[in-house]
Amino acid sequence: MLHNIRRCIRYKRPGTITGTLLIGTLCILFTLVTIITVNAPITTISQLKLRMYGTEIACFRYHNMKTLPDINDENPPTNSIFFHETSCKSSQSGRIILNPRQACAVESAALLHPHRQVYILFTSPGELKPGAGDSSDLAINALLTYTNIRLGHLDFTKYVNNTPLEHIYSSGALELSQYAGSHASDVLRYLTLWKHGGVYLDLDVIITKQLDDLGENYAGSESDTNVAAGVLGFAADGDGHQWARDCLDDLSTGFSGHEWGRNGPGVITRLLRKLCGVQKAIDMNKSSCHGFKVLPPSAFYPIPWWNWTMYFNKKYSDVTIQLVRDSYAIHVWNKHSNKRKLVPEAAYARVARIHCPKVYNALKGLSF
């Protein structure tokens, strides 16, 4: 059928302009009818655009591939720690893929919290296929030595079904976002904390201090103005559950595919402006916020994003270690740092050797 479409598009009828326009119009109609009839029904213009152009999170709709056990079929403990991997690398590779820095984040959480279940949930389908011997294989093998780490699949369609955020996905708004992968992660962190409670962590953090003494409801500011969403704690019931629902309601009515930060840090910042009765994050640190704890940047984001190179430049290694020594976590701003090669003497390497030792040692000599 695609062959016929190509022939139609290439066909040039000799003669009048009217005839050429008629053939062109018929080709377009034929193409649209083909798209509609050979696939699932399309009910909106957004869905038509998705069918024609695809999306970076297309793998969320792959339902006929073998994959890991699905989180939709489990009931995680309420103090669990959650990571979400929202790329399509696993389905593209035919096996579960996790890069070393992501694995380091997961190990650091599990190492300091042996009494908690730590979930790494993949929205892309894929299977565990050991034996490749590459960095992903070595990193995953290191993680599987921990009894409190669980690798699972998250069927996005099922996960958002019958929730306040279902329409963001079913309408195509999420897939048409300019930042679809990041915004999918934003949707999932708040949805997971509403469903299960516990702690959400970005995959570009390293946990350096146990989180238990922070209570159940907390976040950290990344600047004097804004609260970040890379580390979030919400109780599974009571006020925490209601506040997580408030975040979903914010996303449901205010989701934007054109603003990178609106659906992640923007959501938690707006919630806390209401709870704390102040506008700036620096003032939230000093407010009671009805029991929701807002920590200063030094807790989770001791190095601001504009200085991310401090983690990877050995010239700043000692001063960086001093700046992060009292932090609960470091956040290495993967959006900026993901292509930066690791230097053994750099601050990130020094922190990783201590807080994700199995992954770090497994990857010695390889890309990290």
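See the structure above.
Here's a quick rundown of the structure. From a predicted model like this one, the values you see are computed outputs, not experimental measurements. (Residues numbered from 1 in each chain as written. Predicted model: local features only at pLDDT ≥ 70, side-chain atom pairs only at ≥ 80, totals over all residues. Heavy atoms only, no water.)

1. Overview of the overall build of the protein
The number of helices and strands found in the protein is 17 helices and nine strands. Partitioning the intrachain contacts of the protein with sequence separation of at least 6 by distance along the chain shows that 77% fall at a separation of at least 24. When the accessible surface of the protein is summed, it comes to about 17,500 Å², and 54% of that surface belongs to carbon and sulfur atoms. (Helix = DSSP H or I, 4+ residues; strand = E, 2+ residues; numbered from the N terminus. Contact = heavy atoms within 4.5 Å. Areas by Shrake-Rupley, 256 points an atom, 1.4 Å probe, with all protein chains shown as cover.)

2. Thoughts on the nonpolar core
Membership of the largest hydrophobic core comes to 56 residues, with the highest contact counts inside it found for Phe 83, Leu 201, Phe 300 and Tyr 348. No other element matches the six residues that helix α5 (residues 100–112) contributes to this core. With 47 residues, the next largest nonpolar core counts Cys 59, Ala 180, Phe 234 and Trp 243 among its residues. (Core = buried A, V, L, I, M, F, W, Y, C linked by side-chain atoms within 4.5 Å. Buried < 20%, exposed > 50% of the residue type's maximum accessible area, 1.4 Å probe, protein only.)

3. Notes on a nonpolar patch on the surface
A cluster of nonpolar side chains, namely Tyr 316, Val 319 and Leu 323, defines an oily patch on the protein surface of about 250 Å² accessible area. Within the element layout of this structure, Val 319 appears in helix α14 (residues 317–324). (Patch = residues over 30% accessible without salt bridge, like charges linked within 9 Å, V, L, I, M, F, W, Y side chains within 5 Å. Salt bridge = Lys/Arg side-chain N within 4 Å of Asp/Glu carboxyl O.)

4. Notes on the packing of aromatic side chains
Applying the stated criterion to the full structure yields twelve aromatic pairs. Aromatic side chains Phe 300 and Tyr 301 sit 6.1 Å apart centroid to centroid with 85° between the ring planes, which places their arrangement in the edge-to-face category. The same class applies to Phe 300 as to Tyr 301, namely buried. Measuring from centroid to centroid gives 5.5 Å for Phe 312 and Tyr 348, while their planes differ by 20°, and the two rings are stacked. (Phe/Tyr/Trp six-rings, centres within 6.5 Å; stacked < 30°, edge-to-face > 60°.)

5. What about the pairing of strand β3 (residues 149–153)?
Judged by how many residues are buried, β3 sits mostly within the fold: four of five residues are covered. In the sheet, strand β2 (residues 118–122) pairs with β3 via five bridges, with the strands oriented parallel. Within the sheet, the bridge partner assigned to Ile 120 lies in β3 and is Leu 151. Following the backbone out of β2, through helix α6 (residues 135–143) and into the adjacent parallel β3, one traces a crossover that is right-handed. (Pairing = 2+ DSSP bridges. Right-handed = clockwise from strand over helix to strand, strands pointing away.)

6. As for the packing of α5 against α6
Axis separation between α5 and α6 bottoms out at 9 Å; the angle between their running directions is 10°. Classed by the angle they form, the pair α5 and α6 counts as roughly parallel. Side by side, α5 and α6 meet where Pro 100, Ala 103, Val 106 and Glu 107 of the first sit next to Ser 135, Ala 139 and Leu 143 of the second. Here the residues of the contact of α5 with α6 sort into five nonpolar, one polar and one charged. (Axes fitted to C-alpha atoms, helices over the stretch in contact; angles between N-to-C directions. Parallel < 35°, antiparallel > 145°, perpendicular 65-115°, else oblique. Nonpolar A, V, L, I, M, F, W, Y, C, P; charged D, E, K, R; others polar.)

7. Quick notes on the side chain of Asp 155
Take Asp 155: it is sitting in the loop between β3 and α7 (156–160). Despite its burial, Asp 155 pairs with no opposite charge, the nearest such side chain being Lys 158 at 4.6 Å. Here the side chain of Asp 155 touches Lys 158 through a polar contact of 3.1 Å, landing on its backbone nitrogen. Those residues in contact with Asp 155 that sit more than four places away from it in its chain are His 63, Asp 70 and Asn 72. (Lys, Arg positive; Asp, Glu negative; His and termini not counted. Polar contact = N/O pair within 3.5 Å; in protein donor to acceptor, adjacent residues only side chain to side chain.)

8. Side note on the side chain of Arg 95
In this structure, Arg 95 sits in the loop between α4 (89–93) and α5. Residue Arg 95 is classed as buried on the basis of its relative accessible area of 16%. At 2.3 Å, the side chain of Arg 95 and the side chain of Asp 134 are in polar contact. The residues contacting Arg 95, other than those within four sequence positions of it, are Ser 90, Glu 127, Lys 129, Ala 132, Asp 134, Ser 136 and Asp 137.

9. Some points on the packing of α5 against helix α16 (residues 347–355)
Following both chains from N to C, one finds α5 and α16 inclined at 45°, their axes separated by 9 Å at the closest point. Classified by the angle their axes make, α5 and α16 are oblique. Along this stretch, α5 crosses α16, giving a crossing that reads as left-handed. Here Arg 101, Cys 104, Glu 107, Ser 108, Leu 111 and Leu 112 of α5 lie close against α16, whose contacting residues are Tyr 348, Ala 352, Ile 354 and His 355. A class-by-class count of the residues in the contact of α5 with α16 yields six nonpolar, two polar and two charged. (Left-handed = near helix turned anticlockwise from the far one by under 90°.)

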